[in-house]
Amino acid sequence: MRDYCIGIDLGGTFIKSALVSRDWQIVRDKQSPTPAGGGPDAVVAVMARDALELLAEQGLSHGDIVGIGIGSPGPLDLKNGIVVGMPNIPGFTMYPLRDRVSALTKLPAVLENDANAAALGEFLAGGGRDIENMVLLTLGTGVGSGIIINRRLYRGSFSQAGEVGHLLVEPEGELCGCGQRGCLERYCSATYLAQYAVRRIEAGQDGMLAQRLKAKGTINSIDVNECRKAGDALAIETWNRALRFLAMGCVSLCRLLDPDRIVIGGGMAKAGVADLLDPLKAFFVEEHWKVAPVHTELVLAELGNNAGMIGAAGVAWEKHGQ
Ligand SMILES: [Zn+2]
């Protein structure tokens, strides 16, 4: 009986793998450093070794496994299982990741965008359980996202759906790494909200946050939140500005998709309910149209770093388990 999938979350620093059961529980997992300097073949060798070790350590054989799902940074050619390019790991240019993993493990494999995998993970086992439609937004360096419609990942016609961080929110706005101007993530990700505060300080704004930047040489979203709670004017303005932009993004998602829930994850979501979710909800209600009540719930993600592995396993079920 094929009762398990393996989910692999390929990152620039770590390769995280898990044996996942039919009810989306992680039965066993492991984490290895990504041998980024060794080229793609070295990376694939670690992925395959860890996957096979998970089987052996759990006393399972190939006949117990539906397949391997791989969540990877991109851009990707999902249909052909190919990594088109990967900014953080050199050498992955038009690399057939899916087929290489499959050849080394002798198991069917499927490739998925890492943000989509995380969204599917939260949908199956975290903040999106028991609903139909959901969007995951992860607040980190940028704003990652994935969309679930009618209980399935929505990938779009060209595998580029769910790039909510690159919704345009300001004409002539901040230049984004993607080449557009005014992308949402430039206003509300953890990295860019801190960058906004630094620019204001460099332009002469003083206060507690400015002092902290002087002392530490750098500040992040946690510093901004701490100084905000201590009453620093720039920190309050910076935090609220980011949450207002994020709330506008959430309202746009409601108008477009009408989801049951928008799930907020990533490092910045660790600020928690009182500091992040509650003020975000307040801005969301304020910005939301008034012609009908607010239905969509905003909630925090529940799975943390496990979402990617569980979702990658979910993609393998979707492809090979039915
Ligand atoms: Zn962009």
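Owing to the predicted nature of the structure, the values given are computational and were not obtained by experimental measurement.

J.: Kindly report on the overall build of the protein chain, identifying the contributing residues and their values.
T.: Within the protein chain one finds ten helices and twelve strands. The globule rule puts the C-alpha radius of gyration for 322 residues at 20 Å, and the 21 Å found for the protein chain is close to it. The principal-axis extent of the C-alpha atoms belonging to the protein chain is close to 60 × 45 × 35 Å. For the protein chain, the residues scored as buried account for 46% of the 322 residues in total.

J.: I'd love a proper account of helix H7 (residues 221-229), names of residues and values included.
T.: Taken residue by residue, H7 has Ser221, Val224, Asn225, Cys227 and Arg228 as its buried positions. Take H7 and look down its axis: the buried residues cluster within an arc of 165°, on one side only. Elements in contact with the buried residues of H7: helix H5 (190-202), helix H6 (208-216), helix H8 (233-257) and helix H9 (272-287).

J.: Could you give me a rundown of the nonpolar core, with the residues and numbers involved?
T.: Grouped together as the largest cluster of nonpolar side chains are 96 residues, with contacts concentrated most on Ile8 and Ala313. Considering each element in turn, this core owes the most residues, eleven residues, to H8. Counting contributing residues per domain, this core is built from domain 1 (4-112) and domain 2 (127-302), each supplying no fewer than three. Discounting chain neighbours no more than four positions away, the residues touching Ile8 are Ile15, Ser17, Met47, Ala51, Ile68, Gly69, Ile70, Gly71, Met309 and Ala312.

J.: For the sheet that holds strand E1 (residues 4-10), give the residues involved together with the corresponding values.
T.: An order of E3-E2-E1-E4-E7 is seen for the five strands of this open sheet, with the pairing classed as mixed. Whereas interior strands pair on both sides, the edge strands pair on one side only; in this sheet they are strand E3 (26-33) and strand E7 (109-113). When the angles between neighbouring strand axes are averaged without regard to direction, this sheet yields 20°. Sheet strands in contact with helix H10 (residues 307-320) are E1, strand E2 (14-21), E3, strand E4 (65-72) and E7, and its direction is about 130° off that of E4.

Cut-offs applied
Per-chain numbering applies: the sequence of each chain, read as written, is numbered from 1 onward. Where totals are concerned, whole chains, interfaces and linings use all residues; where local detail is concerned, this predicted model gives features only for residues with pLDDT of at least 70, and gives and counts side-chain atom pairs only at 80 or more. By the criteria applied, helices consist of DSSP H or I runs no shorter than four residues and strands consist of E runs no shorter than two, each listed in order from the N terminus. Note on method: radius of gyration uses C-alpha positions; expected globular size equals 2.2 Å times residues raised to 0.38. Neighbour density around each residue's C-beta defines its exposure: 20 or more other C-beta atoms within 10 Å make it buried, 12 or fewer make it exposed, and counts between make it partly exposed, where C-beta atoms are placed from the backbone. Starting at the helix axis, one direction is taken to each C-beta atom, and the arc is that of these directions. Distance between backbone-placed C-beta atoms decides contact: two residues are in contact if it is within 7 Å. As used throughout, a nonpolar core is a set of buried Ala, Val, Leu, Ile, Met, Phe, Trp, Tyr and Cys residues joined through C-beta atoms within 7 Å of each other. Where each domain starts and ends comes from a domain assignment, either automatic or drawn from a database. Strands are treated as partners if at least two bridges between them are detected by DSSP. The axes used here are C-alpha line fits, helices contributing only the stretch in contact, and every angle between their N-to-C directions lies in the interval 0 to 180 degrees.

Purely spatial values, then, with no claim about function.
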